[in-house]
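Read off the chains here:
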Amino acid sequence: MAFKNAYVKSVYEDLVKKNEGQKEFLQAAQEILESLELIVEKRPEIEREHILERFVEPERLIQFRVAWLDDNNVVRVNRGYRVQYNSAIGPYKGGLRFHPSVNQSILKFLGLEQVLKNSLTTLPMGGGKGGSDFDPKGKSDKEVMRFCQAFMTELYRHIGADTDVPAGDIGVGGREVAYMFGQYKRLRNEFTGVLTGKGLSFGGSLARTQATGYGLCYFTQEALKTLKNDSFKGKTVAVSGAGNVATYAIEKAQSLGAKVVTCSDSNGWIYDPEGIDVALLKEVKEVKRARLTEYAAARKSAQYFEKKNGEHGVWQYKVDIALPCATQNELNLEDAKMLVKNGVIAVCEGANMPTELEAAHYLIDNGIIYGPGKASNAGGVATSGLEMCQNSARLSWTFEEVDSKLEAIMKNIFHNAHNTAVKYGVRENDLLTGANIAGFEKVCDAMLAQGVF
Ligand code: NDP
Ligand code: 2IT
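Residues numbered from 1 in each chain as written. Chains lettered and ligands numbered in written order. Predicted model: local features only at pLDDT ≥ 70, side-chain atom pairs only at ≥ 80, totals over all residues. Heavy atoms only, no water.

Draft legend 1. Fine view of the environment of glycine 95. Mapping glycine 95 onto the fold places it in strand β3 (residues 92-98). Overall, the relative accessible area of 5% leaves glycine 95 in the buried class. For the pair glycine 95 and phenylalanine 305, spaced 210 residues apart in the sequence, the C-alpha separation amounts to 31 Å. Beyond its immediate stretch of four places on either side in the chain, glycine 95 contacts Arg82, Gln114, Gly128, Lys129, Gly130, Ala167, Gly168 and Asp169. (Helix = DSSP H or I, 4+ residues; strand = E, 2+ residues; numbered from the N terminus. Buried < 20%, exposed > 50% of the residue type's maximum accessible area, 1.4 Å probe, protein only. Contact = heavy atoms within 4.5 Å.)

Structure representation (structure tokens):
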């Protein structure tokens, strides 16, 4: 750890003491605080008003029991959470994750990242995150419904269209959002835009499903154009994951003229040198909710590899662009070295914190375009913000309207991060420092203006 500023160092050391064992949270906090040293030195009021101590501490963390009945009428118990991180610039906003690994550390890392990400969108949204250690895999549709209803039976008292607006994340898509929305509506007897990612027949926005993956490609395209005078056209791309973000990143990259040769799930990965067949991928993952082995079985050109520890997986191939879209810490220093050796020019994150910190530094030091998730995957929450706008106005925009607003927001996020990197005198491909400072500035100004809280 290389903190140079004594104040920032003391904030981080205090955080380590108070959050023992919270590996992911401390990793995200370290990465952000390292970048913020530069602004702390320029603006003494940050230290004087103890802004960083307040910024790293969630405003509220709610943990609750979720008891539900499985198909055999056996009682099951899970843990539910909502981390309401920062409301300085708008109501708390951020996804819900259902995955067995969910704990306070993971949700606090996601919540802290979300505060900066939402600020970067320029829309008025504070940051939050939530979820449960519930595992949707292998559950029947009715079990998922009963779990979602039980989860919302507690969560509803803490959220609201002007208070806290959840959405999807890993394990939470349109089906789960719909079950939770229905339960909220019944409990409150009100129809409001309290969740985003809703179905189109009850207040959802066109293009929200595609938004994170499409937005990632708009960001990457703008970065390629500005920093390398280049584009997706004719490029070979590696993508990880095979969920919502990965699927629409693959679709957009291919429509921009690239060939995506990989995707993955938690069991293994696909290498498809002819390019991923997106229609088949959607059929396997979205319609059948099946595993990637089914994709491989249905496509001659595809090879399936089971995941074993210590392998490079999707990062071992010779590609120009890498888009990690699965989960945190899925790209380590060895993977980064492999990608650079194979001539990668850009690594832009669809997932949250998929790249380990040393790997991110290695990429930046080697002149690679590195798009940190809080900037490059902000298209999902930005379009959630557009869904909130449409709900408040009680109207809906066309796909083209939403998509063009999304593209403009993503281009603006890239330029904001890039200009901030230049302004603060770091490498111009250091979009990590640029995004952290740019996102923080607005939150910091709002916190200073609103007095001590
Ligand atoms: P999905 O649940 O739709 O897909 C997740 C994908 O990642 C699946 O292929 C899953 O495989 C794989 N995966 C999940 N956990 C692990 C793990 N521990 N190890 C290996 N693979 C794993 O989620 P999303 O596509 O929505 O989310 C993907 C990432 O994008 C997350 O980091 C999320 O926080 C981030 N994100 C999502 C946004 C959104 O709008 N949905 C917005 C911005 C960021 P398997 O099926 O085997 O579990
Ligand atoms: O990580 C994220 O930005 C999301 N999962 C989307 C959050 C949202 O509120 O749309």
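There is more to say after this.
Draft legend 2. The arrangement of the site of ligand 1 in detail. Around ligand 1, the surrounding shell holds 26 residues, and the nearest of these are Asp169, Thr212, Ser266, Arg291 and Asn352. Within the side chain of threonine 212, an N or O atom sits 2.9 Å from an oxygen atom of ligand 1. About the coverage of ligand 1: the protein hides 85% of its 880 Å² of free accessible area. Of all elements in the fold, only α8 (208-228) and α9 (244-255) reach the threshold of two or more residues within the shell around ligand 1. Split by residue class, the shell around ligand 1 holds 6 nonpolar, 12 polar and 8 charged. (Near = heavy atom within 4 Å. Polar contact = N/O pair within 3.5 Å; in protein donor to acceptor, adjacent residues only side chain to side chain. Areas by Shrake-Rupley, 256 points an atom, 1.4 Å probe, with all protein chains shown as cover. Nonpolar A, V, L, I, M, F, W, Y, C, P; charged D, E, K, R; others polar.)

Draft legend 3. Representation of the layout of surface pockets within the structure. Space inside the second largest pocket adds up to approximately 550 Å³. Contributing to the lining of the second largest pocket are 27 residues, with Glu387, Met388, Gln390, Asn391 and Ser392 lying nearest its centre. In terms of residue class, the lining of the second largest pocket is made up of 13 nonpolar, 10 polar and 4 charged. (1 Å grid on protein atoms, 1.4 Å probe; cavity = no way out; pocket = protein on both sides within 12 Å on 5 of 7 lines; lining within 4 Å. Points joined across faces, edges and corners; volume = space filled by probe spheres on them.)

Draft legend 4. Structural detail: empty space enclosed by the protein. In this structure the tally under the stated criterion is 1 cavity of 30 Å³ or more. A volume near 90 Å³ is recorded for the largest cavity. When residues of the lining of the largest cavity are traced back to their parent elements, those giving at least two are α2 (23-42), α13 (357-365) and α14 (373-376).

Draft legend 5. Representation of the sheet that holds β3. Ordered in space as β1-β2-β4-β3-β5, the 5 strands form an open sheet in which the pairing is mixed. This sheet does not close on itself; its edge strands, each paired only once, are β1 (60-69) and β5 (164-167). Strand-to-strand twist across the sheet, computed as the mean angle between neighbouring axes with direction ignored, equals 20°. Summarising the sheet, β3 and strand β4 (residues 127-132) pair through 3 bridges and their orientation is parallel. Note on β4: the bridge partner recorded for leucine 96 is glycine 130. (Pairing = 2+ DSSP bridges. Axes fitted to C-alpha atoms, helices over the stretch in contact; angles between N-to-C directions.)

Draft legend 6. Region of interest: the pairing of strand β6 (residues 236-240). The element β6 is largely enclosed, with a buried count of 4 among its 5 residues. Of the pairings in the sheet, the one linking β6 to strand β7 (residues 259-264) comprises 3 bridges and is parallel in character. Note on β7: the bridge partner recorded for valine 237 is valine 260. The β-α-β motif built from β6, the intervening α9 and the parallel element β7 has right-handed crossover chirality. Bridge analysis of β6 against strand β10 (residues 321-324) gives 4 bridges, and the strand direction is parallel. Across the sheet, residue valine 239 finds its bridge partner in β10, namely leucine 323. (Right-handed = clockwise from strand over helix to strand, strands pointing away.)

Draft legend 7. Geometry of the site of ligand 2. Every one of the 14 residues lining ligand 2 counts as a neighbour, but Lys93, Lys117, Asp169, Arg208 and Ser384 are closest to it. Interatomic distance of 3.0 Å between a side-chain N/O atom of asparagine 352 and an oxygen atom of ligand 2. For ligand 2, the protein covers 94% of the area, taking 290 Å² as the surface of the free molecule. Taken together, the elements giving at least two residues each to the shell around ligand 2 come down to β3, α5 (104-120) and α15 (379-393). Classifying every residue of the shell around ligand 2 gives 2 nonpolar, 7 polar and 5 charged.

Draft legend 8. The packing of α8 against helix α16 (residues 399-423), seen in detail. For the pair α8 and α16, interaxial distance at closest approach is 9 Å and the crossing angle is 45°. Considering their axes alone, α8 and α16 lie oblique with respect to each other. Seen along the crossing, α8 lies across α16 with a hand that is right-handed. Residue-level inspection shows Gln210, Ala211, Tyr214, Gly215, Tyr218, Phe219, Glu222, Ala223, Thr226 and Leu227 of α8 in contact with α16, the latter providing Phe399, Asp403, Leu406, Glu407, Met410, Lys411, Ile413, Phe414, His415 and His418. A class-by-class count of the residues in the contact of α8 with α16 yields 11 nonpolar, 5 polar and 4 charged. (Parallel < 35°, antiparallel > 145°, perpendicular 65-115°, else oblique. Left-handed = near helix turned anticlockwise from the far one by under 90°.)

Draft legend 9. Geometry of the packing of aromatic side chains. Applying the stated criterion across every chain yields a total of 17 aromatic pairs. Ring geometry for phenylalanine 181 against phenylalanine 202: centres 5.5 Å apart, planes inclined by 25°, an arrangement best described as stacked. In this pair, phenylalanine 181 sits in helix α7 (residues 174-188) while phenylalanine 202 sits in the loop between α7 and α8, placing the two residues 21 residues apart along the sequence. Here phenylalanine 181 falls in the buried class, since its relative accessible area comes to 3%. Aromatic ring contacts, followed pair by pair, group Phe64, Trp68, Phe98, Phe134, Phe147 and Phe151 into a single cluster. The ring of tyrosine 424 carries the charged tip of lysine 42 above its face, separated from the ring centre by 4.2 Å. (Phe/Tyr/Trp six-rings, centres within 6.5 Å; stacked < 30°, edge-to-face > 60°. Lys NZ or Arg CZ within 6 Å of the ring centre and 35° of its normal.)

Draft legend 10. Highlighting the environment of proline 124. Here proline 124 shows up in the loop between α5 and β4. Here the alpha-carbon distance between proline 124 and lysine 405, two residues 281 residues apart in the chain, equals 15 Å. Sequence-distant contacts of proline 124, defined by excluding residues within four places in its chain, comprise Ile89, Gly90 and Pro91.

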